[in-house]
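Overview (structure and organization)
The residues making up each chain are set out below.
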Amino acid sequence: MAPDFSGNGPGASWRPELLDKMSLWFEGQRGVTQGTMFGVPAFLVDGRVFACVWDDGVGLRLPTEAAQTVVGLQGLESFTPFGRSPMRGWIQRDCIDAPEFTATRKLCDAACAYVRAL
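Being a predicted model, the structure only gives us computed values, none of them experimental.

What about a negative patch on the surface?
Judged by side-chain charge, Asp 55, Asp 56, Glu 77 and Asp 94 come together as a negatively charged surface patch. Looking at the secondary structure, you find Asp 94 in strand β6 (residues 90-94). Residue Asp 94 is classed as partly exposed on the basis of its relative accessible area of 34%.

And the structure:
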């Protein structure tokens, strides 16, 4: 059963429609469940977080070197929850309109595959 995200918890703001879209993306995938990270909706594979819905986009866990390489490209930035230091191996991608969903889906799939392989 998915967690109840009907209210604003202690985490950052997040977009319910993005959570809905991501839930559809990962529905039925082996080992993928929903949970929370920092009080916002998150997706886990085999019990480990690989993505979360954060503000207008998503936070994604990638290999550290890959994450460092893509920061600054195509709207990707370091994932810095609550304005703290960037999380090592994590990026954030804003996802406001439909064209961004395709690239975001590919990054989510890559994050899931990476964390599944850990």
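As for the pattern of salt bridges
Under the counting rule described, the total for this entry stands at two salt bridges. Here Glu 17 makes a salt bridge to Arg 15, at a shortest N to O gap of 2.7 Å. Residue Glu 17 is classed as partly exposed on the basis of its relative accessible area of 43%.

As for the side chain of Thr 104
The residue Thr 104 is located in helix α3 (residues 98-117) in this model. A polar contact of 3.0 Å, which involves the side chain of Thr 104, links it to the side chain of Arg 93. Beyond its immediate stretch of four places on either side in the chain, Thr 104 contacts Trp 25, Val 58, Arg 93 and Cys 95.

A closer look at the sheet that holds strand β2 (residues 40-45)
Read from one edge of the open sheet, six strands run β1-β2-β3-β4-β6-β5, paired in antiparallel fashion. At either end of the open sheet lies a strand with only one pairing partner, and these are β1 (32-37) and β5 (76-78). Within the sheet, the average angular offset between the axes of one strand and its neighbour, ignoring direction, is 30°. Relative to strand β4 (residues 57-61), strand β3 (residues 48-54) runs antiparallel, the two sharing four bridges. Bridging from a neighbouring strand, Ala 51 pairs with Leu 60 of β4.

Some remarks on the packing of aromatic side chains
Evaluated as defined, the whole model comprises seven aromatic pairs. When the centroid spacing of 5.2 Å and the interplanar angle of 75° are considered together, the rings of Phe 26 and Phe 50 count as edge-to-face. In this pair, Phe 26 is assigned in helix α1 (residues 16-26) and Phe 50 in strand β3, connecting sequence segments 24 residues apart. For the residue pair Phe 26 and Phe 50, the accessibility class agrees, reading buried in each case. Measuring from centroid to centroid gives 5.7 Å for Phe 79 and Trp 90, while their planes differ by 35°, and the two rings are tilted. Of the two residues, Phe 79 is situated in the loop between β5 and β6 and Trp 90 in strand β6; the sequence distance between them amounts to 11 residues. Put simply, the rings of Phe 38, Trp 54, Phe 79, Phe 82 and Trp 90 touch in pairs and so form one group of aromatic residues.

Analysis parameters
- Residues numbered from 1 in each chain as written.
- Predicted model: local features only at pLDDT ≥ 70, side-chain atom pairs only at ≥ 80, totals over all residues.
- Heavy atoms only, no water.
- Patch = residues over 30% accessible without salt bridge, like charges linked within 9 Å, V, L, I, M, F, W, Y side chains within 5 Å.
- Areas by Shrake-Rupley, 256 points an atom, 1.4 Å probe, with all protein chains shown as cover.
- Salt bridge = Lys/Arg side-chain N within 4 Å of Asp/Glu carboxyl O.
- Lys, Arg positive; Asp, Glu negative; His and termini not counted.
- Charge placed at Lys NZ, Arg CZ, Asp CG, Glu CD.
- Helix = DSSP H or I, 4+ residues; strand = E, 2+ residues; numbered from the N terminus.
- Buried < 20%, exposed > 50% of the residue type's maximum accessible area, 1.4 Å probe, protein only.
- Polar contact = N/O pair within 3.5 Å; in protein donor to acceptor, adjacent residues only side chain to side chain.
- Contact = heavy atoms within 4.5 Å.
- Pairing = 2+ DSSP bridges.
- Axes fitted to C-alpha atoms, helices over the stretch in contact; angles between N-to-C directions.
- Phe/Tyr/Trp six-rings, centres within 6.5 Å; stacked < 30°, edge-to-face > 60°.

Purely spatial values, then, with no claim about function.
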